[in-house]
Amino acid sequence: MAAGTVAAREGGEDAFRQLFRFYRRWEGSDVPGVIDFSKPAGRQVVSSPLVLSSVSDQDAGRAGLKPVNLWKAYGLANYPGFIFIPNPFLPGCQCHWVKQGLKQYTQKPNVCNLDMHMSSKETADLWGKSQQQLRNKNSSKREPKSLLEKLRWVTLGYHYNWNTKKYAADHCTPFPSDLAFLSKQVAKACGFPGFQAEAGILNYYHFDSSLGIHVDESELDHSQPLLSFSFGQPSIFLLGGLKRDEAPVAMFIHSGDMMVMSGFSRLLYHAVPRVLPNLEGKLLPSCLEPPLPADLPEDSVIEPCSQDDWQVCARYLHGSRINMTIRQVLAKGQSFPTESGMEDKLDVLSQGSYHEENSEIKRHKPDTDS
């Protein structure tokens, strides 16, 4: 039975919430009504052209990507501006981004959810405080969670304020240069040569996590795309319309997959109701297994991942997923509105995000009807 048919029987909820609940509660391995872009089929999936000449093979390789002419890119009928790129990474290069997401981007001065209730000393070097615990983790036993396993979000560049839903000029730290370079190449390939990576929100999911229904509208420049990079366990992503009474389209996101939301699709409702165990039946997706290529360019931003570091990363990913969303906040020459930035800075760690365990979230606030 189709997901929409089942969901439509539940009254009193908007169409998006109905399907969110349906996939959140689904039990079984064969999930109905979900598009899989690794083997696209159906009239709704269309080919999406890329700007092949915009990124040199050398620059793609420096970011750990295949030449752009080898990428596959798809869109959805009636969703102009939405682009889905199934894993365009070179073999072994996803490991760099996983390690960065766990070891480097979690370092201060970047901000994370643990800062809300822990001191800066306690949240310094989450990797160093967690690696031994993760390395020795026994999957058959219930053990205390490491700090990395308690991590839910990290913000980069202009730090998003979960309480005011704004960015502020005086709460900004340097954006990681390697992630900015990756984002630049993907944006150029998708027709946005002027894109500047200015803010990032990294979400850390586990099998009991979800991302609530929301719109990314806080950036002051909506002419530039929202970029999304995913690593680890697969998930179900729901892409809706401009209103919540429009039923969303469901799709799988696999490790290494990228999404671009631009134009009409930039301000659409979306959510992640579910993180799934690897659909291949193994602990980790096979695309995370190959070693780094031996012929990476000398000026590559990709760094080798030591066996010890990858052991920690792999243990983390056995039950988790990392998603990085990259945004341009300001148009060229644009400034933030004049207002008290200090209030925003003080409120940035206020409780409230759209990403929590065992809950279904409306926008950025907890929803108690789960």
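If you're wondering where the values come from, they're calculated on a predicted model, not measured in any experiment. (Residues numbered from 1 in each chain as written. Predicted model: local features only at pLDDT ≥ 70, side-chain atom pairs only at ≥ 80, totals over all residues. Heavy atoms only, no water.)

(A) Local environment of the overall build of the chain. Looking only at helices and strands, the chain features 10 helices and 17 strands. Counting every position in the chain, which comprises 370 residues, the buried fraction comes to 56%. The contacts of the chain with a sequence gap of at least 6 include a subset with a gap of at least 24, amounting to 79%. On the chain, roughly 15900 Å² of surface is accessible, and the fraction owed to carbon and sulfur atoms is 51%. (Helix = DSSP H or I, 4+ residues; strand = E, 2+ residues; numbered from the N terminus. Buried < 20%, exposed > 50% of the residue type's maximum accessible area, 1.4 Å probe, protein only. Contact = heavy atoms within 4.5 Å. Areas by Shrake-Rupley, 256 points an atom, 1.4 Å probe, with all protein chains shown as cover.)

(B) Focus on the pairing of strand β7 (residues 199–206). With eight of eight residues buried, β7 is to be regarded as a mostly interior element. Burial along β7 is two-sided: the residues Ala199, Ile201, Asn203 and Tyr205 and Gly200, Leu202, Tyr204 and His206 are all buried. Two strands pair when backbone bridges link them, and strand β6 (residues 153–157) and β7 are joined in this way by five bridges, in the antiparallel orientation. What sits directly across from Gly157, in β7, is Ala199. Sheet analysis places β7 next to strand β14 (residues 320–327), joined by eight bridges and oriented antiparallel. Residue Leu202 lies in a different strand from β14, and its bridge partner there is Met324. (Pairing = 2+ DSSP bridges.)

(C) Representation of the pattern of salt bridges within the structure. Within the structure shown, the criterion is met by 12 salt bridges. In this structure, Arg327 engages Glu219 in a salt bridge whose closest nitrogen and oxygen atoms are separated by 2.9 Å. Placement of Arg327 in strand β14 and of Glu219 in the loop between β8 (209–214) and β9 (226–232) is noted, with a sequence separation of 108 residues between them. The pair formed by Arg327 and Glu219 is uniform in burial state, with each residue classed as buried. Linked by salt bridges that have partners in common, Asp216, Glu219, Arg266 and Arg327 make up one network. (Salt bridge = Lys/Arg side-chain N within 4 Å of Asp/Glu carboxyl O.)

(D) Just the nonpolar core, in detail. Membership of the largest hydrophobic core comes to 59 residues, with the highest contact counts inside it found for Leu179, Leu182 and Phe229. Once you skip the residues sitting within four places of it in the chain, Leu182 turns out to touch Ala63, Leu65, Phe89, Trp97, Phe229 and Met258. If you look at the next biggest cluster of nonpolar residues, it comprises 21 residues, including Ile35, Leu76, Tyr79 and Leu239. (Core = buried A, V, L, I, M, F, W, Y, C linked by side-chain atoms within 4.5 Å.)

(E) Broad picture of the state of the cysteines. Per the stated rule, a full pass over the model turns up zero disulfides. Here Cys313 stays free of any disulfide, with the sulfur of Cys305 as its closest cysteine sulfur at 4.9 Å. (Disulfide = S-S within 2.5 Å.)

(F) Layout of the packing of aromatic side chains. Enumeration over the complete set of coordinates arrives at nine aromatic pairs. Between the aromatic rings of Phe89 and Phe231, the centroid separation amounts to 5.6 Å while the plane-to-plane angle is 55°, which identifies the pairing as tilted. With Phe89 in the loop between β4 (82–85) and α4 (94–104) and Phe231 in strand β9, the pair connects residues that are 142 residues apart, well separated along the chain. Phe231 shares its class with Phe89; the two are buried. Positioned above the aromatic ring of Phe20, the side-chain terminus of Arg17 is 5.3 Å from the ring centre. (Phe/Tyr/Trp six-rings, centres within 6.5 Å; stacked < 30°, edge-to-face > 60°. Lys NZ or Arg CZ within 6 Å of the ring centre and 35° of its normal.)

(G) Unusual backbone geometry, seen in detail. Of note, the bond from Lys108 into Pro109 is cis; its omega dihedral lies within 30 degrees of zero at 15°. By the secondary structure assignment, Pro109 is in the loop between α4 and β5 (111–112). If you check the backbone angles, Asn78 has positive phi at about 75° while not being a glycine. Tracing the sequence through the fold places Asn78 in the loop between β3 (74–76) and β4.

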